[in-house]
Amino acid sequence: METSSTISITEKDLEIYREKGYWISPKLISDERIEKLRQAHERIWRGEIDGDGYTRNGLVNLPDDPLKLRKLDNGWWINDEIRDIVTDPLIGQLAADLMETDEVRLWHDQVLYKPGLADQVSDIGNVGWHQDFGYWQCSSTTNMVTVWLALQDTDLNNGGMMSIAGSHKWGLIPESNTFFDTNLASLKNRYATEGKEWIEEPCILKAGQASFHHALTFHGSGPNQTNDPRLSVVAHLMSKGTAFRTGVQWHPNVTHLGPRPYDGQLFANDYFPVLYKR
Ligand SMILES: [Fe+2]
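Calculation notes
Numbering of residues starts from 1 in every chain and runs along the sequence as written. The predicted nature of this model means local features are confined to residues of pLDDT at least 70 and side-chain atom pairs, given and counted, to a pLDDT of 80 or more, with totals for whole chains, interfaces and linings taken over all residues. Remark: hydrogens and water are excluded; side-chain values derive from all non-hydrogen atoms of the structure. For Na, K and Ca the donor cutoff is 3.2 Å, while for all other metals N, O and S atoms count as donors only within 2.8 Å; water does not appear among the atoms, so some sites may look incomplete. Strands here are runs of E lasting at least two residues and helices are runs of H or I lasting at least four, both read from the DSSP assignment and numbered beginning at the N terminus. Between buried and exposed lies partly exposed: a residue is buried under 20% and exposed over 50% of the maximum accessible area for its type, with that area taken using a 1.4 Å probe on protein chains only. One requirement defines pairing of two strands: DSSP has to find at least two bridges between them. An axis is simply a line fitted to the C-alpha atoms; with a helix, the fit covers only the stretch in contact. Between two such axes, the angle follows the N-to-C directions and lies from 0 to 180 degrees. Grid points spaced at 1 Å and placed over the protein atoms alone form the basis of the search, with a cavity being a set where a 1.4 Å probe fits but cannot get out and a pocket an open set showing protein on both sides within 12 Å along at least five of seven lines. Lining residues have an atom within 4 Å of a point. Grid points are joined across faces, edges and corners, and a volume is the space filled by probe spheres set on the points. When residues are grouped by polarity, Ala, Val, Leu, Ile, Met, Phe, Trp, Tyr, Cys and Pro land in nonpolar, Asp, Glu, Lys and Arg in charged, and all others, Gly among them, in polar. Should any heavy atoms of two residues lie within 4.5 Å, those residues are considered in contact. The term nonpolar core refers to a set of buried residues drawn from Ala, Val, Leu, Ile, Met, Phe, Trp, Tyr and Cys, joined through side-chain atoms within 4.5 Å. Paired rings are identified among Phe, Tyr and Trp, the last through its six-membered ring, by centres lying within 6.5 Å, and are further divided according to the angle between planes into stacked (under 30 degrees), edge-to-face (over 60) and tilted (the rest). Comment: the charge-over-ring label is applied if NZ (Lys) or CZ (Arg) is within 6 Å of the ring centre and within 35 degrees of the ring normal.

(A) Up close: the coordination of the iron ion. Around the iron ion, the donor atoms from the protein are His-130 (NE2), Asp-132 (OD) and His-219 (NE2), and they sit 2.1 Å away. Counting the intervening residues between successive donors of the iron ion yields the motif H-x1-D-x86-H. Taken together, the positions of His-130 in strand β4 (residues 127-130) and His-219 in strand β9 (residues 219-221) put the pair 89 residues apart, joining distant regions of the chain. A relative accessible area of 2% means that His-130 is categorised as buried.

Laid out in structure tokens, this is it:
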């Protein structure tokens, strides 16, 4: 493993995560590994597949408009570098310490590529303010964490993520599954209601740094106003004992539990690999 084991979660880090709902890591991976992951991106978007794997939908589909966000879920099924990073034991250990759990499994990953708009003015590549748990209500717990790893220096100029500090304390907001709504202003109007302090904080990351955010923390991202695409890899991770909660909301992961999933069934099979176990 190329990652350094000297990185760990301190009491102060945990305090920040509890207070803000997210934590920014130091640089987790080497420049060489960053470059390999950038090449992995290119291979994925060219439709190259490692091994005999397949994607959930059979093919890697590029968006109809080249300025739209490219997003592939479960990139680890078809790409070795993506598999290695989203199941990385150090990332697992950091997530375990933040979630205060003894075991961390992968819920699913996302390979995200936000094209550069250069001089064009458009919200086409935006990611709407949303709560990840807005999509994950089939899970028995909100104690899940998203790791957003930057593959180049990332800030608001190239469409980096922003988080709403403290919003994980608001609980689940109805219909907050608004990733694909690119109108950040109207979503803000909808979510920043009375009694909720809307504190937008940019996640400014050097290449190889990651943001770890709670499943209820609101986040989104604006336009990439540079000439270069903004590449990232996201690992959505579960705490120990995360199980299927039936009758609330469907999610593709439920299909990975078998033909007759049942309430309380653990998301704990080969589709949900272990990153870390104490
Ligand atoms: Fe998200």
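What follows picks up the thread again.
(B) Looking closely at the sheet that holds β4. If you walk across this open sheet you meet the 4 strands as β4-β9-β6-β7, and the pairing is antiparallel. In this open sheet, the two edge strands, each paired with only one partner strand, are β4 and β7 (200-202). Strand-to-strand twist across the sheet, computed as the mean angle between neighbouring axes with direction ignored, equals 25 degrees.

(C) Quick look at empty space enclosed by the protein. Summed over the entire model, instances satisfying the criterion amount to 1 cavity of 30 Å³ or more. Roughly 40 Å³ of volume is contained in the largest cavity. What lines the largest cavity is simply Ile-85, Val-86, Ile-91, Val-147, Leu-149, Val-233, Val-234 and Ala-235. Top element by residues in the lining of the largest cavity is strand β10 (residues 230-238). It accounts for 3 residues. Here the lining of the largest cavity is composed, by residue class, of 8 nonpolar, no polar and no charged.

(D) Region of the structure containing the side chain of Ser-163. Along the chain, the position of Ser-163 falls in strand β6 (residues 161-164). Dropping the residues within four chain positions of it, Ser-163 is found in contact with Tyr-22, Ile-199, Glu-200, Glu-201, Cys-203, Thr-217, Phe-218 and His-219.

(E) Summary view of the nonpolar core. Within the largest apolar cluster, 44 residues are counted, with the highest numbers of intra-cluster contacts made by Leu-28, Ile-82, Phe-212 and Leu-237. In terms of residue count, the dominant contributor to this core is helix α4 (residues 89-99) (7 residues). Residues Trp-107, Met-238, Phe-244 and Phe-267 belong to the second largest nonpolar core, which totals 13 residues.

(F) Highlighting the layout of surface pockets. Approximately 490 Å³ is the volume attributed to the largest pocket. In this structure, the largest pocket is lined by 20 residues; those nearest its centre are Asn-61, Arg-70, Lys-71, Leu-72 and Phe-180. It is strand β2 (residues 70-73) that provides the largest number of residues to the lining of the largest pocket, a total of 4 residues. Among the residues making up the lining of the largest pocket, the classes are represented as 10 nonpolar, 5 polar and 5 charged. Considered as a void within the structure, the second largest pocket measures approximately 320 Å³ in volume. Lining of the second largest pocket is provided by 25 residues; of these, Gln-110, His-130, Asp-132, Phe-179 and His-236 occupy positions nearest its centre.

(G) Examining the packing of aromatic side chains more closely. Here the structure, examined in full by the defined rule, presents 15 aromatic pairs. Between Trp-45 and Tyr-113 the ring centres are 6.1 Å apart and the planes differ by 70 degrees, which places this aromatic pair in the edge-to-face class. With Trp-45 in helix α2 (residues 31-45) and Tyr-113 in strand β3 (residues 103-114), the pair connects residues that are 68 residues apart, well separated along the chain. On the accessibility criterion, Trp-45 (7% relative accessible area) is buried. Its relative accessible area of 10% is what places Tyr-113 among the buried residues. Taken together, the ring pairs connect Trp-107, Trp-136, Phe-244, Phe-267 and Phe-272 into an aromatic cluster. A cation over a ring is seen here: Lys-196 above Trp-170, with NZ or CZ 5.9 Å from the ring centre.

Keep in mind these numbers describe shape, not what the thing actually does.
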